[in-house]
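The primary structure of each chain is shown beneath.
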Amino acid sequence: MKKMDEMERHIQMVAQVWAYRALMLALCVWTLFNCWESLARGAEYRPLPGLLTCAAAGVQGFGMLFLRQKMVEQDEEYREPNRFLRAVAVTILGAVILLWAGVWLAGLGA
């Protein structure tokens, strides 16, 4: 297998960015269509596209934070707090609060 030069790597990276954006747009449209269909027509709500959208955005965001943290880990001049761990903690806390609120609101409706 031949080694890619910088131009080929750049072309591949730009193509991957376009593919990611197209996929995210398609997932967003699918999510909105499912929401509209369940609200307007009374169809059963299917959360899969919304969950996939959130998972893809989360992986991208957490990946960027993790890689940025790894790049400056050994640098003595550039010190910053560990944003990756902070983001993970805030995400877990937010999920727990949302789950608690959902269970609490479901208990009110029963």
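Scroll up to find the structure.
Residues numbered from 1 in each chain as written. Predicted model: local features only at pLDDT ≥ 70, side-chain atom pairs only at ≥ 80, totals over all residues. Heavy atoms only, no water.

Engineer: Tell me about the overall build of the protein chain, residues and numbers included.
Structural biologist: Regarding its fold elements, the protein chain presents three helices and zero strands. Overall, the protein chain shows an N-to-C arrangement of helices and strands of α-α-α. Expressed as lengths along the three principal axes of its C-alpha atoms, the size of the protein chain is roughly 60 × 35 × 20 Å. Out of the 110 residues belonging to the protein chain, those deemed buried represent 13%. (Helix = DSSP H or I, 4+ residues; strand = E, 2+ residues; numbered from the N terminus. Buried < 20%, exposed > 50% of the residue type's maximum accessible area, 1.4 Å probe, protein only.)

Engineer: Tell me about the pattern of salt bridges, and name the residues and values.
Structural biologist: Under the counting rule described, the total for this entry stands at three salt bridges. Between Arg-46 and Glu-37 there is a salt bridge whose closest N-O contact spans 3.2 Å. Glu-73 is paired through a salt bridge with Lys-70; the nearest N and O atoms lie 3.9 Å apart. Exposure remark for Lys-70: the relative accessible area of 44% places this residue in the partly exposed category. Connected through shared salt-bridge partners, Glu-37, Arg-41 and Arg-46 make up one network. (Salt bridge = Lys/Arg side-chain N within 4 Å of Asp/Glu carboxyl O.)

Engineer: Explain helix H1 (residues 6–40) to me, and be specific about the residues and the numbers.
Structural biologist: Between its terminal C-alpha atoms H1 stretches 50 Å, which fits the 51 Å expected from 35 residues at 1.5 Å a residue. Of the residues making up H1, those classed as buried are Met-24, Leu-27, Thr-31, Asn-34, Glu-37 and Ser-38. At its buried positions, H1 is contacted by helix H2 (48–71). Positive backbone phi, approximately 75°, marks Gly-42, located one or two places after H1. (Expected span 1.5 Å × (residues − 1). Contact = heavy atoms within 4.5 Å.)

Engineer: Run through the packing of aromatic side chains, naming residues and quoting values.
Structural biologist: Taken as a whole and judged by the stated rule, the model has four aromatic pairs. Here Phe-66 and Phe-84 contribute two aromatic rings whose centre-to-centre distance is 5.3 Å and whose plane-to-plane angle is 65°, an arrangement assigned as edge-to-face. With a gap of 18 residues between them, Phe-66 in helix H2 and Phe-84 in helix H3 (residues 83–109) connect regions that are remote in the sequence. Aromatic ring contacts, followed pair by pair, group Phe-62, Phe-66 and Phe-84 into a single cluster. (Phe/Tyr/Trp six-rings, centres within 6.5 Å; stacked < 30°, edge-to-face > 60°.)

Engineer: Help me get a handle on the side chain of Thr-31, residues and values and all.
Structural biologist: For Thr-31, the location among the structural elements is in helix H1. Polar side-chain contacts of Thr-31 include one of 2.8 Å to the backbone oxygen of Leu-27. Ignoring any residue separated from it by four or fewer positions in sequence, one finds Thr-31 in contact with Pro-49, Gly-50 and Thr-53. (Polar contact = N/O pair within 3.5 Å; in protein donor to acceptor, adjacent residues only side chain to side chain.)

Engineer: Would you mind going over the state of the cysteines in detail, with residue names and values included?
Structural biologist: Simply put, disulfide is the name for a covalent bond between the sulfur atoms of two cysteines. Within this structure, the stated rule accounts for zero disulfides. Just so you know, Cys-28 is unpaired, no disulfide at all, and the nearest cysteine sulfur is the one on Cys-54, 8.9 Å from it. The thiol of Cys-35 is unpaired, and the distance to the nearest cysteine sulfur, on Cys-28, comes to 11 Å. (Disulfide = S-S within 2.5 Å.)

Engineer: Run through H2, naming residues and quoting values.
Structural biologist: Along its 24 residues, H2 runs 34 Å from first to last C-alpha, staying within 8% of the 34 Å computed at 1.5 Å per residue. Taken residue by residue, H2 has Pro-49, Gly-50, Thr-53, Leu-65 and Gln-69 as its buried positions.

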